[in-house]
Amino acid sequence: MIGKISGRLEYRSTDHVLIDVRGVGYMVYCSDRTLAALPSVGEPVALYTDLLVREDLLQLFGFPSLFEKEWHRLLMSVQGIGAKASLAILGALGADGVSRAVSLGDVAAIKAAKGVGPKTAQRVVIELKDKAPALMALGGSLGETLASVSGKEGAAGADDVIEDVARTPVNAGGASAASGAAAAASMSVQADALSALGNLGYGPADAAGAVAQAAGEDPEADTSELIRAALKMLAPKG
């Protein structure tokens, strides 16, 4: 199983990239969102990967974080969702967005992905609603994104660059770095809140739905604020 690719971006197309790893080229298929975040051709890049094995096909799919990779695997477990549909959903919503949509039963959000019809979107929500909380609880530990390191100067060789990419756990430079760090922090806060609600005896699905709604209403909330807001939502009405 190939779980991660670290190398230099040699070529990019509308749905995949070619990554050179010490002279061996790997074709990696990615969502629109992931492709847009990758560096320019010729620059170092790293992606977590999932290998699809069929009788007539070996195909690699790339993800910026383990959290997104695990969501891809979970989406693929739904009847009618293949790799293409999974990438379309992740491309439209991102891993955090898929977590919220499934937890809140937001069929319309899933349906917004290209090529995903209403019945398939409903199936995703129904089949994954009880499975999503366990993955969301791991979000903080799986949310860090691999680096896309560019601008290496001097006489550093390709091997040095590849090792630098593999060692660096967060996106490099500017808005991409800030976005990656913010997403990881948000997932960590939600995971902690979800764990706390579970310790208080709330069911995983109910807790995940409340945490997702609270996080959507206040993206800057810390763990304690998120727990308080979720508890208000879970309190008996009337």
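Residues numbered from 1 in each chain as written. Predicted model: local features only at pLDDT ≥ 70, side-chain atom pairs only at ≥ 80, totals over all residues. Heavy atoms only, no water.

1. Focus: the overall build of the protein chain
Counting secondary structure elements, the protein chain contains 11 helices and five strands. In the protein chain, which comprises 238 residues, the proportion classed as buried is 44%. When contacts within the protein chain are restricted to residue pairs at least 6 apart in sequence, long-range pairs at least 24 apart make up 59% of them. Element-wise, carbon and sulfur atoms account for 53% of the exposed surface of the protein chain, whose accessible area totals about 11,600 Å². (Helix = DSSP H or I, 4+ residues; strand = E, 2+ residues; numbered from the N terminus. Buried < 20%, exposed > 50% of the residue type's maximum accessible area, 1.4 Å probe, protein only. Contact = heavy atoms within 4.5 Å. Areas by Shrake-Rupley, 256 points an atom, 1.4 Å probe, with all protein chains shown as cover.)

2. Looking at empty space enclosed by the protein
As enumerated under the stated definition, the model contains two cavities of 30 Å³ or more in all. If you add up the space inside the largest cavity, you get close to 40 Å³. If you trace the largest cavity, you find it lined by Ser186, Val189, Gln190, Ala215, Asp218, Pro219, Ala221 and Leu226. In terms of residue count, the dominant contributor to the lining of the largest cavity is helix 9 (residues 174-199) (three residues). (1 Å grid on protein atoms, 1.4 Å probe; cavity = no way out; pocket = protein on both sides within 12 Å on 5 of 7 lines; lining within 4 Å. Points joined across faces, edges and corners; volume = space filled by probe spheres on them.)

3. Considering the environment of Trp71
Tracing the chain through its elements places Trp71 in helix 2 (residues 66-76). In this structure Trp71 comes out as buried when scored by relative accessible area, which is 0%. Residues Trp71 and Val98, 27 residues apart in the sequence, show an inter-C-alpha distance of 8.1 Å. Filtering out sequence-adjacent residues up to four positions away, Trp71 remains in contact with Leu90, Ala95, Val98, Ser99, Val102, Leu128, Ala132 and Leu135. A distance of 2.9 Å separates the side chain of Trp71 from the side chain of Ser99, its partner in a polar contact. (Polar contact = N/O pair within 3.5 Å; in protein donor to acceptor, adjacent residues only side chain to side chain.)

4. Concerning the layout of surface pockets
A volume near 480 Å³ is recorded for the second largest pocket. Lining the second largest pocket we find 18 residues, and of these Asp15, Asp32, Lys84, Leu87 and Ala88 sit closest to its centre. Counting only elements with at least two residues in the lining of the second largest pocket, the list comes to strand 5 (57-63) and helix 3 (83-104). When residues of the lining of the second largest pocket are assigned to their parent elements, the largest contribution, seven residues, is made by helix 3. For the lining of the second largest pocket, a count of residues per class yields nine nonpolar, five polar and four charged. (Nonpolar A, V, L, I, M, F, W, Y, C, P; charged D, E, K, R; others polar.)

5. So, the packing of aromatic side chains
Applying the stated criterion across every chain yields a total of one aromatic pair. Taking the centre distance of 6.1 Å and the plane angle of 50 degrees together, the rings of Tyr29 and Phe61 count as tilted. Here Tyr29 is found in strand 3 (residues 24-29), whereas its partner Phe61 is found in strand 5, with 32 residues between them in sequence. For Phe61, a relative accessible area of 4% puts it in the buried group. (Phe/Tyr/Trp six-rings, centres within 6.5 Å; stacked < 30°, edge-to-face > 60°.)

6. Regarding the pattern of salt bridges
Within the structure shown, the criterion is met by three salt bridges. In this structure, Asp56 and Arg54 form a salt bridge, with 3.7 Å as the shortest nitrogen-oxygen distance. Among the residues examined, Asp56 registers a relative accessible area of 62% and is labelled exposed. Exposure remark for Arg54: the relative accessible area of 47% places this residue in the partly exposed category. (Salt bridge = Lys/Arg side-chain N within 4 Å of Asp/Glu carboxyl O.)

7. Re the confidence of the model for the protein chain
In this model, the protein chain carries an average pLDDT of 82, and 80% of its residues clear a pLDDT of 70 or more. Across residues 147-175 the pLDDT falls below 50, and counting only partners more than four positions away or on other chains, this stretch makes 51 contacts in the model. (pLDDT = per-residue confidence, 0-100.)

8. Some words on the packing of helix 10 (residues 204-217) against helix 11 (residues 223-234)
Relative to each other, helix 10 and helix 11 sit at 120 degrees, their axes nearing to 8 Å. Compared by their axis directions, helix 10 and helix 11 come out oblique. The two elements helix 10 and helix 11 meet at a crossing, and its hand is right-handed. Residues Asp206, Ala210, Val211, Gln213, Ala214, Ala215 and Glu217 of helix 10 form the contact with helix 11, whose own contacting residues are Leu226, Ala229, Ala230, Met233 and Leu234. Here the residues of the contact of helix 10 with helix 11 are counted per class, giving nine nonpolar, one polar and two charged. (Axes fitted to C-alpha atoms, helices over the stretch in contact; angles between N-to-C directions. Parallel < 35°, antiparallel > 145°, perpendicular 65-115°, else oblique. Left-handed = near helix turned anticlockwise from the far one by under 90°.)

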